[in-house]
Amino acid sequence: MNKAIFNPFKYVAGVKSLVIGILIILVTAYIGYTSNTHFPDLISIKTCPDLPVWYFVIQSLSNWIVFSSLLYSCAIVGSPSSVRLVDIFGTQALARFPYLIASFIGFSDSINKFGKYMLWTLLQKGESISLSTGNFVIAISLIILTFLLTIWLVALMYNAFKVSANIKGTKAVVFFIIVFIVSMVITGYISKYLFAKFS
Amino acid sequence: MDKKLPVTCPSCEAELKVHSLSCDSCQTTINGSFELPLLIKLEQKEQDFIIAFVKSSGSLKIMAQELKLSYPTVRNMLDDLINKIVELQKINK
């Protein structure tokens, strides 16, 4: 059971994972649009102001495409097997599933209130806001949930890479970390550009 | 219960050789020192994989469907098996 949660790619890859994965990405973007939750880089989850739906769609797709393209380049260089493009892109798309759950987080106002409360309490910035115990508990629970979803996402992304590229051990870890860092930078810039363009 | 053919010495883990062969029909026994065939040195699940591979005409897609695994998983299994066979061939040389 645990194996299937963290490595479903043993059973699903190729076109099937690509179709399901793209659907997941598009639904995530739409829910993010309605809940004001965006993903301004590869793994960040933040609430945002009202923006057009295309902002969320392009951002979600670019997070997936940038990371998958870089992984595919590494796989071509470092894999002993013949790597299929559809496996890399398909499994990485499917790996975005945890953020489909994360896109619902913005529906709760507790996170926003908690953020404003912390900003005022610690830095005396913004406006003074009182936070009920209920809101506090919900906000902390959502922060923990977000953290767990991020761990799940990264584990899925790594396992997707390992299965689809057949790269193991230290080589897999090194490739993954390098691509991860580069993707964080690139997707961060893309999101900044998109935010400036659409807001 | 199917008996598993041992390929390594349980005492020192060195590779075993065939010492004698016998005919059940006429009780003739041949003694000597014969190398084990390479395929027998593979684990049972690896031998099963090879049989499934041949039966599916070498199609990894068909194998993936039959084993209910993804294509890259089956391809990785095949690549691991190829590496193991190459290593065994190197040792035998």
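First, a word on what this report is: a plain description of the structure on this page. As the structure is a prediction and not an experimental result, all values here were calculated from the model.

A tally of helices and strands in chain B yields three helices and two strands. Walking chain B from its N terminus toward its C terminus, one meets helices and strands in the order β-β-α-α-α. Relative to the globule expectation of 12 Å for 93 residues, the C-alpha radius of gyration of chain B, 17 Å, shows a markedly less compact shape. The C-alpha extent of chain B, read off along each of the three principal axes, is 45 × 30 × 25 Å. A sequence separation of at least 24 residues applies to 23% of the contacts in chain B between residues at least 6 apart.

This paragraph deals with the pairing of strand 1 (residues 18-22) of chain B. All names here are of chain B. Across the five residues of strand 1, zero count as buried, placing the element largely on the outside. Pairing between strand 1 and strand 2 (residues 29-34): four bridges, direction antiparallel. Considered in strand 2, the bridge of Ser 22 is made with Thr 29. The hairpin formed by strand 1 and strand 2 contains six residues between the paired strands, and Gln 27 there has a positive phi angle of roughly 65°.

What follows is about unusual backbone geometry. For residues other than glycine, phi is negative in most cases, and the peptide bonds are mostly trans. Unlike most non-glycine residues, B:Gln27 shows phi in positive territory, near 65°. You can see B:Gln27 is positioned in the loop between strand 1 and strand 2.

Attention now goes to the interface of chain B and chain A. Contact with chain B, which involves nine residues of that partner, is made by twelve residues of chain A. Looking at side-chain class alone, the side of chain B that touches chain A contains three nonpolar, three polar and three charged residues.

Right, let's get into helix 1 (residues 44-55) of chain B. Residue and element names in this part refer to chain B. Its twelve residues place the ends of helix 1 16 Å apart at the C-alpha level, agreeing with the 16 Å of an ideal helix rising 1.5 Å per residue. Within helix 1, only zero of the twelve residues are buried, which leaves it mostly out in the open. Where helix 1 terminates, the next one or two residues include Ser 57, which has phi positive at roughly 55°.

Conventions and cut-offs
- Residues numbered from 1 in each chain as written.
- Chains lettered and ligands numbered in written order.
- Predicted model: local features only at pLDDT ≥ 70, side-chain atom pairs only at ≥ 80, totals over all residues.
- Helix = DSSP H or I, 4+ residues; strand = E, 2+ residues; numbered from the N terminus.
- Rg over C-alpha atoms; globule rule 2.2 N^0.38 Å.
- Contact = placed C-beta atoms within 7 Å.
- Buried ≥ 20, exposed ≤ 12 C-beta atoms within 10 Å, placed from the backbone.
- Pairing = 2+ DSSP bridges.
- Nonpolar A, V, L, I, M, F, W, Y, C, P; charged D, E, K, R; others polar.
- Expected span 1.5 Å × (residues − 1).

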